[in-house]
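Here is how the chains run, residue by residue.
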Amino acid sequence: ILFHPARFQAWVVARFPFLAGHYRWGYPPGMAFLMTPLGVLPPIAAWVAWMLGGTAAMILAMGMVFGRRNLRLLAPIILVLPIYWDNLLAGQNALFTGALMVLGFAFLERRPVFAGVALGLLTIKPPLGLLVPIALVAAGAWRSMIAAAATALALATLAAIVMPDAWPLFLSHTMPDMTAYLQRPYLPTPSQAYMGSPFYAAEGLHMSRRLAWLIQALVTALAAAAMWRLWRSPALDPADRRARTLASAALCLVATPYSHVYDAVGATTLLCAILMEDGAAMAGWMGAGAYEN
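Residue positions are given per chain, counting from 1 as you read along its sequence in written order. Two thresholds apply to this predicted model, a pLDDT of at least 70 for residue-level local features and 80 or more for giving and counting side-chain atom pairs, whereas whole-chain, interface and lining totals are computed over all residues. Side-chain metrics rest on all non-hydrogen atoms present in the structure, leaving aside hydrogens and water.

## Regarding the layout of surface pockets
Rule in force here: Only protein atoms enter the 1 Å grid, on which a cavity is a set of points fitting a 1.4 Å probe that cannot get out and a pocket is an open set with protein on both sides within 12 Å along at least 5 of 7 lines, lining residues being those with an atom within 4 Å of a point. Grid points are joined across faces, edges and corners, and a volume is the space filled by probe spheres set on the points. Helix and strand definitions here come from DSSP, where helices need a minimum of 4 consecutive H or I residues and strands a minimum of 2 consecutive E residues; each element is numbered from the N-terminal end.
Quantified by volume, the second largest pocket comes out at close to 220 Å³. In this structure, the second largest pocket is lined by 14 residues; those nearest its centre are Leu34, Phe96, Leu100, Leu121 and Ile124. Breaking the lining of the second largest pocket down by element, the ones donating at least two residues are helix H2 (30-35), helix H3 (43-66) and helix H6 (94-106).

Structural data, given as structure tokens:
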């Protein structure tokens with residue numbers, strides 16, 4: 001029933017009668033592997049397991065980028081961010097996808113196969129990876145490209161084997177439903193207010209649908225050009241790699257018309273960690289200077 005919108009809505013209403021509004025499953029079959037094991041748990045236990053898993057994934061990703069010794073400093077950053085609590089209270093998946101995005105871009109040069117696997121797994125939420133092929137080609141990261149393609153293909157094939165009807169239903173029901181969802185008039189509903197793309201920003205300012213799409217197309221083209229330029233030359237030191245990872249994640253977020261504000265949790269956590277690291281370095285430098293003076 002995941003990929004049949006009417007049946008899924010009926011199941012949600014029957015299972016959670018206190019919920020109002022329309023609910024849909026908007027992801028390709030690969031996402032089911034991440035979420036459906038939680039179906040054996042009671043709802044509260046499933047939510048706790050989901051959020052603990054997502055939080056652990058994000059902390060682990062930041063620890064791999066900044067070093068394990070900094071984990072005790074990085075964990076509090078995540079826990080105090082408002083965007084983290086957006087994910088927590090709504091049970092969103094951006095902690096997982098944000099971790100995959102950060103790991104994919106951060107390790108593209110140093111561990112290309114690992115980065116490719118992370119970016120291949122990001123296909124569980126395809127709009128976020130719209131610019132990933134541009135980064136891979138610009139960097140000449142052929143091993144990462146092969147690993148990403150193999151991972152995405154393996155995930156799609158496994159879904160087809162385990163859930164034989166999933167892909168036909170996704171293409172015939174889920175995708176048209178999500179397209180209609182994207183194209184509906186801007187009211188705004190709570191879900192539309194959560195959208196963070198240039199397309200929805202323009203619609204929120206009461207621009208015409210055609211102008212909103214034109215703005216989104218222009219931003220996407222500029223983001224693609226920036227991504228290409230960003231990855232044409234290698235990063236020389238860890239600070240450069242982290243800054244480029246942050247820029248790449250930000251470009252991916254603005255390039256798609258279908259992004260939510262909570263999708264930025266990976267980039268936001270990375271930004272705060274970079275600022276904290278720079279602040280600590282500056283404080284150390286100022287302290288040393290004061291001591292010498």
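Having seen the structure, we can now continue with the description.
## Side note on helix H5 (residues 82-90)
Side chains of residues three or four places apart in an α-helix project in the same direction, reflecting 3.6 residues per turn. Put simply, the test is: Under the scheme applied here, a residue whose accessible area is under 20% of the maximum for its type counts as buried, over 50% as exposed, and between as partly exposed, the area being computed with a 1.4 Å probe on protein chains only. By definition, the arc is the one covered by directions from the helix axis to the C-beta atoms.
Along H5, the residues classified as buried are Ile83, Tyr84, Asn87 and Leu88. Buried residues along H5 cover an arc of 145° about the axis, so they all sit on one side. Opposite the packed face of H5, turned more than 90 degrees from it, sit the exposed residues Pro82 and Leu89. Residue Gly91 follows H5 closely and has a positive phi angle near 65°.

## What to know about the packing of H6 against helix H7 (residues 112-121)
Definition in use: To get an axis, fit a line to the C-alpha atoms, keeping to the stretch in contact for a helix; angles then go from 0 to 180 degrees between the N-to-C directions. If an angle is under 35 degrees, it is roughly parallel; if it is over 145, roughly antiparallel; if it lies from 65 to 115, roughly perpendicular; otherwise it is oblique. Here a crossing is called left-handed whenever its near helix is offset anticlockwise from the far helix by less than a right angle, and right-handed whenever the offset is clockwise. Residues are treated as being in contact if the distance between any of their heavy atoms lies within 4.5 Å.
Running from N to C, H6 and H7 cross one another at 150°; their axes reach a closest spacing of 8 Å. In terms of their interaxial angle, H6 and H7 are classed as roughly antiparallel. Note that H6 runs across H7; the crossing there is left-handed. The segment H6 lies against H7, with Leu100, Leu103 and Gly104 engaging Phe114, Ala115, Ala118, Leu119 and Leu121.

## Side note on helix H10 (residues 166-183)
What counts is decided by this rule: Here, expected helix span is obtained from the residue count minus one, scaled by 1.5 Å. Note on bend: the value at a residue is the angle between axes fitted to the seven residues ending there and to the seven starting there.
Compared with an ideal rise of 1.5 Å per residue, which puts 18 residues at 26 Å, H10 spans 24 Å between its outermost C-alpha atoms and is within 8% of the ideal. Of all the bends found along H10, the most pronounced is centred on Thr174 and spans about 30°, while Pro176, a proline, follows it within four residues.

## Comments concerning the nonpolar core
Heads up, the rule is: For our purposes a nonpolar core is just a set of buried Ala, Val, Leu, Ile, Met, Phe, Trp, Tyr and Cys residues, chained together by side-chain atoms within 4.5 Å.
Formed by 70 residues in total, the largest nonpolar core has its most connected members in Trp25, Phe66, Phe105, Leu131 and Met227. Examining the composition of this core, we find that 10 residues originate from one element, H6, more than from any other. Filtering out sequence-adjacent residues up to four positions away, Trp25 remains in contact with Leu2, Phe3, Phe8, Met31, Ala32, Met35 and Thr174. In terms of nonpolar packing, the next biggest core, distinct from the first, is built from nine residues, Leu182, Ala202, Ala212 and Tyr258 among them.

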